[in-house]
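# Coordinates in review
In case you want the letters, here they are:
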Amino acid sequence: MNVEMANLAEALKQILPESQVSINPTVREQHSKDESYHTPSLPDLVVFPETTEQVSEIIKLANAYQVPVVPFGLGSSLEGHVIPYDLGITIDFSLMNKILEVREQDFLVRVQPGVTRSQLNKELKKYGLFFSVDPGADATLGGMAATNASGTTSVRYGVMRDQVRDLETVLADGTIIHTGNLAEKSSSGYHLNGIFVGSEGTLGCFTELTLKVYGIPEHVMAARASFPTVNDAVQAVVSILQAGIPIARVELVDEPSMKQANLYSETDYLEKPTLFLEFHGNEAGLRQDVEFTKELVADLHCELIEFETDNAARNKLWEARHHLAYAYVHGFPGKKLMVTDVCLPISELAGAIRKARKTIDELGLDGGIVGHVGDGNFHVLLMLDTADPLEVSKADQLNETIVLYALERGGTCTGEHGVGVGKMKYQEKEHGEALRVMEKIKQALDPQNILNPNKIVRIKGEG
């Protein structure tokens, strides 16, 4: 460690207990990577604050020393968002994990950023409430807001941005602001929630979040519907949405992925393109929705549809879907998982999935396709040998093909994983001159470019 970093470490110990400032190589290594295939990079040091005021003082010091700051939740991100390629300080928010307030009559909850999704839902269950965003991983809520996460329930309840009512945020100079309020709606001022959610730590560090929550549905029913082709399955989703059926989840799992699911989860589901469905509502309403759904999918060559009302069977169904990434990792030992992520208008989705499947097969890669097809978002779960340059090159070619197909049809390069470093090269093509506006916002709020630098946007003269 150089003299400047040693001095910074000593200055940080005036703010935090010595045990919460670490230069330990193992701790630094744990904060050098996320769940992606991107190359790790160690931070100079890691700090573990407990209060907003401590975060503010840390960032003031970083600003004074002109040292980068990278916020870190659980490291479950998939595009290298938390990898500190410019070194500096990683702020680990694991000690800021308190549920501060549940306002059950307002359907709001106030939490610190280190609270996880499952931790919050365990507490909310006492009030008959739940938090809707379900990205699969048990991520921290701060991290989910930073990437504008979504997942299986977004077709009914919306994405992370739709749930954020207010963010307590520390800016690059240590100033503490609130981006919103407790009101259901507001026409006052710029929509700062919308700017900060999805900013991936490049504009500020979240220290509290006020989030919208929902009443636990009276009845929940899940189903599997198997089809001869992916196109039939996607068209069934379009029909369900057009019919106004209030579907809570609708997930596509292709044939290779169903095979991996059966092997890993010890299930015996039909190995055909399959929709995993879930309905929320009252008993009478669900009966009508189920019957209508049966009629709609039958018209689109559905080969089998099975409903699950039993809680254990329903949980097993969704565990099979959520554990698909692990199923692929388990099924291809020695290989690393790469997950693509695009979102398109639903009318373009079937063509995009067909193109992806064709490209996977032509390149001779191992992978399957899953998606939150109710909102046009799909992923390729790709297994590759990162030590094989040819295989890595093919994976990059596949990813580029999928992204460019989406962008050419009015879609986006990332539906929910975020930009990080992995999707930066597509920002110009997707946003055009709007990217200049984003750069100006970054420069105005972080003139020294210390907040997670060279993620989302690259400031001229940097990196």
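This write-up is about the structure you can find in this document. (Residues numbered from 1 in each chain as written. Predicted model: local features only at pLDDT ≥ 70, side-chain atom pairs only at ≥ 80, totals over all residues. Heavy atoms only, no water.)

Moving on, we come to the overall build of the protein chain. Along its length, the protein chain carries 17 helices and 19 strands. Radius of gyration (C-alpha) of the protein chain: 22 Å, near the 23 Å computed for a compact globule of 463 residues. Taking the principal axes of the C-alpha coordinates as reference, the protein chain spans close to 70 × 55 × 45 Å. Per-residue burial for the protein chain yields a buried fraction of 54% across its 463 residues. Intrachain contacts of the protein chain at a sequence separation of at least 6 include 72% that bridge at least 24 residues. Of the accessible surface of the protein chain, which amounts to about 19,600 Å², a share of 49% is contributed by carbon and sulfur atoms. Side-chain charges of the protein chain comprise 42 positive and 64 negative groups, with the mean position of each set lying 1 Å from the other. (Helix = DSSP H or I, 4+ residues; strand = E, 2+ residues; numbered from the N terminus. Rg over C-alpha atoms; globule rule 2.2 N^0.38 Å. Buried < 20%, exposed > 50% of the residue type's maximum accessible area, 1.4 Å probe, protein only. Contact = heavy atoms within 4.5 Å. Areas by Shrake-Rupley, 256 points an atom, 1.4 Å probe, with all protein chains shown as cover. Lys, Arg positive; Asp, Glu negative; His and termini not counted. Charge placed at Lys NZ, Arg CZ, Asp CG, Glu CD.)

As a further point, take empty space enclosed by the protein. Counting across every chain of the model gives 3 cavities of 30 Å³ or more. Quantified by volume, the largest cavity comes out at close to 40 Å³. Lining of the largest cavity is provided by Tyr37, Leu78, Glu79, Met338, Val339, Thr340 and Asn399. (1 Å grid on protein atoms, 1.4 Å probe; cavity = no way out; pocket = protein on both sides within 12 Å on 5 of 7 lines; lining within 4 Å. Points joined across faces, edges and corners; volume = space filled by probe spheres on them.)

As a further point, take the side chain of Thr267. Turning to its location among the elements, Thr267 is positioned in the loop between helix H10 (255-265) and strand S14 (274-281). You can call Thr267 buried: its relative accessible area is 12%. A polar contact of 2.7 Å, which involves the side chain of Thr267, links it to the side chain of Asn262. In this view, Thr267 contacts Ala261, Asn262 and Lys316; residues no more than four positions away in its chain are not counted. (Polar contact = N/O pair within 3.5 Å; in protein donor to acceptor, adjacent residues only side chain to side chain.)

Turning to the layout of surface pockets, a few remarks are in order. Estimates place the volume of the second largest pocket at around 620 Å³. The set of elements that each furnish at least two residues to the lining of the second largest pocket consists of helix H8 (192-196), helix H16 (427-431) and helix H17 (434-445). Split into classes, the residues belonging to the lining of the second largest pocket amount to 11 nonpolar, 14 polar and 6 charged. (Nonpolar A, V, L, I, M, F, W, Y, C, P; charged D, E, K, R; others polar.)

We now examine the sheet that holds strand S2 (residues 45-47). Pairing in this open sheet of 4 strands is mixed, and the strands run S1-S2-S4-S3 from one edge to the other. Two strands lie at the open edges of the sheet, namely strand S1 (21-22) and strand S3 (69-72), each paired on one side alone. Running at roughly 10° to S2, helix H1 (residues 3-12) makes contact with S1, S2 and strand S4 (89-92) of the sheet. Contacting S2, S3 and S4, helix H3 (residues 52-65) crosses the sheet at an angle of about 170° to S4. (Pairing = 2+ DSSP bridges. Axes fitted to C-alpha atoms, helices over the stretch in contact; angles between N-to-C directions.)

Positive phi values are uncommon outside glycine, yet Gln66 reaches one of about 55°. Positionally, Gln66 belongs in the loop between H3 and S3. One non-glycine residue with positive phi stands out, namely Asn452, at about 40°. Accessibility expressed as a relative area gives 2% for Asn452, which makes it buried.

This part takes up the packing of helix H9 (residues 230-242) against helix H11 (residues 283-298). Running from N to C, H9 and H11 cross one another at 140°; their axes reach a closest spacing of 9 Å. Taken as axis vectors, H9 and H11 run oblique relative to one another. You can see that H9 and H11 cross each other, and the crossing is right-handed. Touching Ala236, Ser239 and Ile240 of H9 are Thr293, Leu296 and Val297, all from H11. In terms of residue class, the contact of H9 with H11 is built from 4 nonpolar, 2 polar and no charged. (Parallel < 35°, antiparallel > 145°, perpendicular 65-115°, else oblique. Left-handed = near helix turned anticlockwise from the far one by under 90°.)

Among soluble globular proteins, nonpolar side chains are generally buried collectively. Counting residues in each nonpolar core, the largest one holds 49 residues, and the members touching the most others are Phe227, Leu275, Leu277, Phe378 and Val380. Once residues within four sequence positions are removed from consideration, Val380 is found in contact with Met338, Val339, Thr340, Ala356, Ile360, Gly368, Ile369, Leu398 and Ile402. Ala146, Val164, Leu167 and Leu171 belong to the second-largest nonpolar core, a separate cluster that totals 26 residues. (Core = buried A, V, L, I, M, F, W, Y, C linked by side-chain atoms within 4.5 Å.)

Attention now goes to the pairing of strand S10 (residues 205-212). In summary, the side chains of a regular strand alternate between the two faces of the sheet. In terms of burial, S10 is a largely internal element, 7 of the 8 residues being buried. Bridge count between strand S6 (residues 108-111) and S10: 4 bridges; the pairing is antiparallel. Residue pairing for S10: Val109 is matched across the bridge by Leu211. Note that strand S8 (residues 164-170) and S10 share 6 bridges and pair antiparallel. Counted as the bridge partner of Val170 is Cys205 from S10.

Here we take up the packing of aromatic side chains. The tally for this structure, following the rule as stated, stands at 7 aromatic pairs. Taking the centre distance of 5.5 Å and the plane angle of 85° together, the rings of Phe130 and Tyr157 count as edge-to-face. One end of the pair, Phe130, is in strand S7 (residues 129-130); the other, Tyr157, is in helix H6 (residues 154-157), with 27 residues separating them in the sequence. No difference in accessibility class separates Phe130 from Tyr157, as the two residues are buried. Measuring from centroid to centroid gives 6.1 Å for Phe276 and Trp318, while their planes differ by 65°, and the two rings are edge-to-face. A residue pair is termed long-range when its members are at least 10 positions apart, and Phe276 in strand S14 and Trp318 in helix H12 (residues 311-322) qualify at 42 residues. Put simply, the rings of Phe130, Tyr157 and Tyr214 pair up and form one aromatic cluster. Across the ring face of Trp318, the terminal group of Arg249 is positioned such that the distance to the ring centre comes to 4.8 Å. Arg409 extends its terminal NZ or CZ atom over the ring of Tyr405, reaching a point 3.5 Å from the ring centre. (Phe/Tyr/Trp six-rings, centres within 6.5 Å; stacked < 30°, edge-to-face > 60°. Lys NZ or Arg CZ within 6 Å of the ring centre and 35° of its normal.)

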